[in-house]
Amino acid sequence: MDNVAVAAAAFVGSHFLLSHPLRAPIAARIGERGFLGIYSVVAFATLIWLALAYRTAPTGPLLWPASDAIWVIASLVMLAASVLLMGSLIRNPAMPEAKTDTVPVARGVFAITRHPMMWAFALWGVVHILVYPERSNIIVAVAIITLALVGAAMQDRKKEALQPEFWREWERRTSYWPFAAIASGRAKLGGLGTHALIGGLVVWLFATWAHIPLSGWRAGIWHWIS
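Since this is a predicted model, take the numbers as computed values, not measurements.

A. Quick look at the layout of surface pockets. Of the volumes computed, that of the second largest pocket is approximately 770 Å³. Surrounding the second largest pocket, 27 residues form its lining, Tyr54, Trp124, His128, Asn137 and His211 being those nearest its centre. Those elements that place two or more of their residues in the lining of the second largest pocket are helix H2 (23–56), helix H3 (68–87), helix H5 (116–131), helix H6 (135–162) and helix H9 (193–215). It is H9 that contributes the most residues to the lining of the second largest pocket, six residues altogether.

If you want it as structure tokens, here you go:
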């Protein structure tokens, strides 16, 4: 089997196993700190394996050409993903450090989806498939998409068990799928804030520029700036 595919399966599978079915028994035996140590080592090791496998894999043919139209779509989607990512860093009840019993009103990126960070990663994967549809790249991107979106659904189930009243009410006010709560009238678009809009723009500009020295590719607006 392809080394990239095996590494991707190990990266995603170990994350799911350690985050959910294996977490409680391991933590009960060696403590929460011990579990976090094992989790960090496995996550880092499988990520390094995936990165090395991808780097050394032979480059296959592209499934389609990345036209200017595709680059425009990809750049706009990546900008939206950057806004979701930066907006998720503040007032996110899914964060481990969030200690509140009051269910907030869904505003900003949380009105769009209750998993803005996970959708940001998933959109990253979609964008990288669009602009570089090469076999190994698609495998890595699909792994990230799977980890993000399946992980978000599993997070919902975990939160429902840990905080049943809080999380079920939060789910009622929000949506897993982007814009579903807004479309159904359960949330209203607005209140994104400068941390999401300006922060997302800055991250998008820097991250797309960083493709030039890191990979030799021009992404975002830099694709058209020589």
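B. Highlighting empty space enclosed by the protein. This model, assessed by the stated rule, comprises one cavity of 30 Å³ or more. Roughly 30 Å³ of volume is contained in the largest cavity. What lines the largest cavity is simply Phe11, Ser14, His15, Leu18, Tyr39, Val42, Ala43 and Thr46. Looking at the lining of the largest cavity, the elements with two or more residues in it are helix H1 (3–19) and H2.

C. The arrangement of the packing of H3 against H9 in detail. Where H3 meets H9, the axes come as close as 7 Å, and the angle between the chain directions of the two elements is 130 degrees. By the angle between their directions, the pair H3 and H9 is classed as oblique. In terms of crossing hand, the pair formed by H3 and H9 is right-handed. The residues of H9 that touch H3, namely those facing Ser75, Met78, Leu79, Ser82, Val83, Met86 and Gly87, are His195, Ala196, Leu197, Gly199, Gly200, Leu201, Val203 and Trp204. Here the residues of the contact of H3 with H9 sort into nine nonpolar, six polar and no charged.

D. Quick peek at the pattern of salt bridges. Counted according to the given criterion, the structure contains six salt bridges. A salt bridge links Asp156 to Arg114; its shortest N-O distance comes to 3.1 Å. With Asp156 in helix H6 and Arg114 in the loop between helix H4 (109–112) and H5, this pair connects stretches of sequence that are 42 residues apart. Each member of the pair, Asp156 as well as Arg114, is classed as buried. Between Glu160 and Arg168 there is a salt bridge, with its nearest N and O atoms 3.9 Å apart.

E. Broad picture of the environment of Arg157. Relative to the elements of secondary structure, Arg157 occurs in helix H6. The class for Arg157 is exposed, based on a relative accessible area of 54%. For the pair Arg157 and Trp209, spaced 52 residues apart in the sequence, the C-alpha separation amounts to 38 Å.

F. Examining unusual backbone geometry more closely. Phi is positive for Arg91, which is not a glycine, with a value near 55 degrees. On the secondary structure map, Arg91 appears in the loop between H3 and H4. Taking relative accessible area as the criterion, Arg91 reaches 68% and is therefore assigned exposed. Non-glycine residue Phe179 carries a positive phi angle of around 70 degrees. Mapped onto the elements of the fold, Phe179 is located in the loop between helix H7 (164–173) and helix H8 (180–183).

G. Fine view of the packing of aromatic side chains. Enumeration according to the criterion identifies nine aromatic pairs in this entry. Taking 6.3 Å as the distance between ring centres and 40 degrees as the angle between the ring planes, the aromatic pair formed by Trp71 and Trp217 counts as tilted. Separated by 146 residues along the polypeptide, Trp71 in helix H3 and Trp217 in the segment after H9 bring together distant segments of the chain. With relative accessibility at 7%, the residue Trp71 sits in the buried group. On the basis of relative accessibility, which here comes to 35%, the residue Trp217 falls in the partly exposed class. Considering the side-chain rings of Tyr132 and Trp217, the 5.1 Å spacing of their centres and the 70 degrees angle between planes classify their relative orientation as edge-to-face. Within this pair, whereas Tyr132 is found in the loop between H5 and H6, its partner Trp217 is found in the segment after H9, the two being separated by 85 residues in sequence. Relative accessible area serves as the criterion here: at 18%, Tyr132 is assigned to the buried category. An aromatic cluster is present here, built from Trp71, Tyr132 and Trp217 joined pairwise through their rings.

Cut-off values and rules
Residues numbered from 1 in each chain as written. Predicted model: local features only at pLDDT ≥ 70, side-chain atom pairs only at ≥ 80, totals over all residues. Heavy atoms only, no water. 1 Å grid on protein atoms, 1.4 Å probe; cavity = no way out; pocket = protein on both sides within 12 Å on 5 of 7 lines; lining within 4 Å. Points joined across faces, edges and corners; volume = space filled by probe spheres on them. Helix = DSSP H or I, 4+ residues; strand = E, 2+ residues; numbered from the N terminus. Axes fitted to C-alpha atoms, helices over the stretch in contact; angles between N-to-C directions. Parallel < 35°, antiparallel > 145°, perpendicular 65-115°, else oblique. Left-handed = near helix turned anticlockwise from the far one by under 90°. Contact = heavy atoms within 4.5 Å. Nonpolar A, V, L, I, M, F, W, Y, C, P; charged D, E, K, R; others polar. Salt bridge = Lys/Arg side-chain N within 4 Å of Asp/Glu carboxyl O. Buried < 20%, exposed > 50% of the residue type's maximum accessible area, 1.4 Å probe, protein only. Phe/Tyr/Trp six-rings, centres within 6.5 Å; stacked < 30°, edge-to-face > 60°.

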